[in-house]
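Results of the structural survey
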Amino acid sequence: MVVAVAPRFSFTSKGRHLVPSCEPCSNPGSQGGHGVHMACCHPLPALPSWVEAMPGITYLDHAGSALFPESLLKAFTDDLRSNIYGNPHSQNISSKLTYDTIEHVRYRILQHFNTTAEDYTVIFTSGCTAALKLVAEAFPWIPEGTKQPSSRFCYLTDSHTSVVGMRGITASMNVLSIPIKPKEILLSEENRLSAEEQNCTTPHLFSYPAQSNFSGTKYPLSWIQDIKSGKLCPVKIPGKWFVLLDAASYVSSSPLDLGVHQADFISISFYKIFGFPTGLGALLVNNRIAPFLRKTYFGGGTAAAYLAEENFYFPKKSIAERFEDGTVSFLDIIALKHGFDVLEKLTGGMEKIKQHTFALAHYTYTVLSTLKYANGAPVVRIYSDTDFSNPDVQGPIINFNVLDENGEVIGFSQVVSNWHHLSQQLLPPASSSGRAALLSEAGMLKANGQSYNIHLRTGCFCNTGACQIHLGMSNEDIQRNLQAGHVCGDDIDLVDGRPTGSVRISFGYLSSFEDAQTFLKFIIATRLSKSDSEIPFQSSVTKLMTETVPDDHPSFNNADKLSAVPQISDRELRNNLSVTKTTVNWQPPEAEAESIRAAVSETAVPPYRKGGKPITITNIYLYPIKSCSAFEVTEWPVGNQGLLFDRNWMVVNQNGVCITQKQEPKLCLVNPSIDLNKKVMVIQAEGMDPISVSLEDNTGKETVICESKVCSHRVKTYDCGDRIAGWFSLFLRRPCRLIRQSSDVKNKSHQKNTKGLAPATNISLSLVNEAQYLLINVASILQLKEHISARLEEPLELEELIRRFRANIVISAPESFEEEEWAEISIGALRFQVVGPCSRCQIICIDQQSGERNKEFLQSLSAARGRKTNFGIYLMNQPLHSSFPDVISVGSQVLPVLKENTEIQPPTSGEEKCSG
């Protein structure tokens, strides 16, 4: 006989909402048992809008691997159909796209964990295990037997096998490993080191899981700082403690803020978060310790230079490139971008996932812990360090063993087998696809040849330490079990009547209350000999804390579906809209003008060489949208990043990677123009209706700030919205978006010898590749024009050539290429430093009026310049002390200063630089 100790409720499904309905009282006059009729005082909250039913499937192994939504695969495959991704170690266009996309994903990972590339480096690995192995191999251990104190490797006993396995590497390096029990670390304040002992430079490493993959216990993230500061000390030994946080289990359902909890190493697996791709993880390394890591083996892509016949090897400067041996799994890395997009779109963020999954675990734990036999004995024994009352200390994992009426453990294999005969009564059979099964570590189990759809896990879950603690197994017990034939992963569940493992269920962001209830029905039906679907529910259960997600996060079945882009005929693209030359009647207020336009004395600007003819500005161009058409003006304000609004916007693909004319020559046919009075940018292209974008910086709360990459620079940007994205997608016939540089964080230039300028850290760039301004000389253009015309055997227009070189400032100097002898120039009150020549790329091969390519132009430039492709010079200017910009105008005189060394050194970076 079964005694139910609490009122029972049956649950009916209305859409995605589970509504409790009381049974009729079987004995209204009695007290206790079924006799107490309770109102529906414990309604379940509505399910988050991202959760959709998975017919016939009850997946409860999210700690093993998350499930992936269909929209993730669709977005990824759409991306692969739209783009060609080459090996990132090559130098072609498809390889550059891959490299830039990978860098974008690195920044997206850092953004997800609320940190930046200034603090952390992302090293891609084959998984969390490989990340842990990398730390063991690269950590700057000091072995036993040296004059100074030796290093120690300490790890929490409630750690995954992959953490414990690090001791094999440390042992080979003659470094002692010390296991620490969870209770011992709480007492470690007694081991606090003196100031003198903390001054010892010997490095020690302590590793612990942010969340136990066995029980779901969340260990305090405050331990990170406490251990690094010496407040907690795993072992009382002089030296500096570093912390390795195994975050693989934790980050699958909880937000991790590395801006607050700055561990030295963080290991993660992405399939635990997204479900796809598998075989990809990462090690996040704090940049403060990164330079001290050691590297012995070097694979392809990690070497800046090496010799095959001598023991000479020089590593790449980048920490990531130094440790990513061989070619990274670049297509899988690109898939991560879509994983982050889908996760954010569906759920609204990790905090909502944390609340949702904990609510399911809290509900299941509460019901499961109240189940009792007629004699009052519990039905299950739950292995937990918490009471499931706080999501900050407990994750969505429930670990247990089923007991019989005498309190003896029923082996997990028997429990699973006993479920099968009742499964057909409780659940519909699986489809013929074969995806549905009742899983254990022993594999797929079936009943009467029919597989059913509960997915869970049994055993010790690659965490023998936690298994021993919770199941009360000694070291001798583990060794005896091995002698009895039991190994990890088999179905030997009892040895001498004692359990060798347990049952684990775990929830993820795609889990539903239906999943929890289906599981509870199985337990009740198999152990309490009831085949109905009633679930007891104690009156003391508090209301669950799941938050619903706003309506702007759609269900995953409808997420991220790209609308078809209408086709545009070639004929519609042949004629380009002419670029309007604009005169800006811009004047600062009188008071401001007087304060910022100080007279320049004769001695303020060094004189130009004697006898030189005056040099003036003939043309001024800005490029509001990177790689789009020029906007010519006769007078224009100068801001702290160059010409006001120059390259403030750029077009990116669906991965957030900048699209330039190298990939899309049609961008030159897009004509942006700025109206300072109306504070709008108007964008035009043939065959398209004009569209406008506000010049006001969008700083609203709804703005999504993200990191993008331009050449080697990181930039903060925000998206300009679906309306403008649709315009560009229609014109370019590919999914793309327009983003704008955010005003809150500016990009910094490379460090250069900028005599007379402020430090480079104070000079910011817009979305340019190398410098604030690009200057070319008409005399140099004319000399090149003669050479190219002779090679092409056709006349060239001067204006066409000028536009190909996409300069900001065009000057008329007496001699060709004399600009390359200048160290700095002055224009009015503005002073500019020459920082290097512009090394030209394929963009000069594109006719800016038609979008047609002709490779002869780059070859002609190289031939004309003696195999060099330099043309034009880069300029940087001092940050303006006033918030109001100065102005440069056509006709203004340019006063140059000769440099001592007449050869300007090219940019120090090995990347190809050009004006976009």
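Our subject is the structure listed above.
Residues numbered from 1 in each chain as written. Predicted model: local features only at pLDDT ≥ 70, side-chain atom pairs only at ≥ 80, totals over all residues. Heavy atoms only, no water.

Structural notes on the nonpolar core
- Counting 64 residues, the largest nonpolar core has Phe124 and Leu284 as its most contacted members.
- For this core, the element with the highest residue contribution is helix H11 (residues 330–347), accounting for nine residues.
- In contact with Leu284, not counting residues within four places along its chain, are Ile109, Leu110, Phe113, Tyr120, Thr121, Val122, Leu258, Asp264, Phe265, Ile266 and Ile268.
- Counting residues in hydrophobic clusters, the runner-up holds 51 residues, among them Leu622, Trp636, Ile691 and Trp727. (Core = buried A, V, L, I, M, F, W, Y, C linked by side-chain atoms within 4.5 Å. Buried < 20%, exposed > 50% of the residue type's maximum accessible area, 1.4 Å probe, protein only. Helix = DSSP H or I, 4+ residues; strand = E, 2+ residues; numbered from the N terminus. Contact = heavy atoms within 4.5 Å.)

Observations concerning the sheet that holds strand S33 (residues 691–694)
- In spatial order, the strands read S31-S32-S33; together these three strands make up an open sheet with antiparallel pairing. With partners counted over all chains shown, the strands left at the sheet margins are strand S31 (671–675) and S33, one partner each. Pairs of neighbouring strands in the sheet enclose a mean axial angle of 25°, with direction left out of account.
- In the packing of helix H18 (residues 722–732) onto the sheet, the strands contacted are strand S32 (680–684) and S33, and the crossing angle to S33 comes to about 140°. (Pairing = 2+ DSSP bridges. Axes fitted to C-alpha atoms, helices over the stretch in contact; angles between N-to-C directions.)

Structural notes on the pairing of strand S4 (residues 120–125)
- Counting buried residues in S4 gives six out of six residues, a clear majority hidden from the surface.
- Along S4, one buried face is formed by Tyr120, Val122 and Phe124 and the opposite face, lined by Thr121, Ile123 and Thr125, is buried too.
- Bridging between S4 and strand S10 (residues 281–286) involves six bridges; their strand directions are antiparallel. If you follow Tyr120 over to S10, its bridge partner there is Asn286.

Quick word on the environment of Tyr219
- Structurally, Tyr219 is set in the loop between strand S7 (203–209) and helix H8 (223–229).
- Sequence spacing of Tyr219 and Asp392 is 173 residues, and the spatial spacing of their C-alpha atoms is 9.1 Å.
- Ignoring any residue separated from it by four or fewer positions in sequence, one finds Tyr219 in contact with Leu156, Asp158, Pro182, Tyr208, Pro209, Ala210, Ser212 and Asp385.
- Within the local environment of Tyr219, its side chain forms a polar contact with the side chain of Asp158, the two groups lying 2.6 Å apart. (Polar contact = N/O pair within 3.5 Å; in protein donor to acceptor, adjacent residues only side chain to side chain.)

A closer look at the sheet that holds strand S44 (residues 886–889)
- The strand order S29-S28-S44 describes an open sheet built from three strands, whose pairing is antiparallel. Pairing within the sheet leaves two strands with one partner each, and these edge strands are strand S29 (642–643) and S44.
- Taken together, the four bridges between strand S28 (residues 635–639) and S44 define a ladder with antiparallel strand orientation. Paired with Val638 across the strands is Asp886, a residue of S44.

Remarks on the pattern of salt bridges
- For the structure on display, the rule yields 23 salt bridges.
- Taking the shortest distance from any N to any O, the salt bridge between Glu144 and Arg152 comes out at 2.9 Å.
- With a relative accessible area of 13%, Arg152 lands in the buried category.
- As a salt-bridge pair, Arg803 and Glu632 come within 3.5 Å of each other at their nearest N and O atoms. Here Arg803 is found in helix H20 (residues 798–804), whereas its partner Glu632 is found in strand S27 (residues 631–633), with 171 residues between them in sequence.
- Taking relative accessible area as the criterion, Arg803 reaches 10% and is therefore assigned buried.
- Exposure remark for Glu632: the relative accessible area of 5% places this residue in the buried category.
- One continuous salt-bridge network, built from bridges that share partners, spans Lys74, Asp78 and Arg81. (Salt bridge = Lys/Arg side-chain N within 4 Å of Asp/Glu carboxyl O.)

Quick look at the environment of Ile617
- Checked against the element boundaries, Ile617 lands in strand S26 (residues 615–622).
- Between the C-alpha atoms of Ile617 and Ile809, which are 192 residues apart in sequence, the distance is 6.9 Å.
- Excluding residues within four positions of it along the chain, Ile617 makes contact with Ile809, Val810, Ile811, Ile827, Ser889, Val890, Gly891, Ser892 and Val894.

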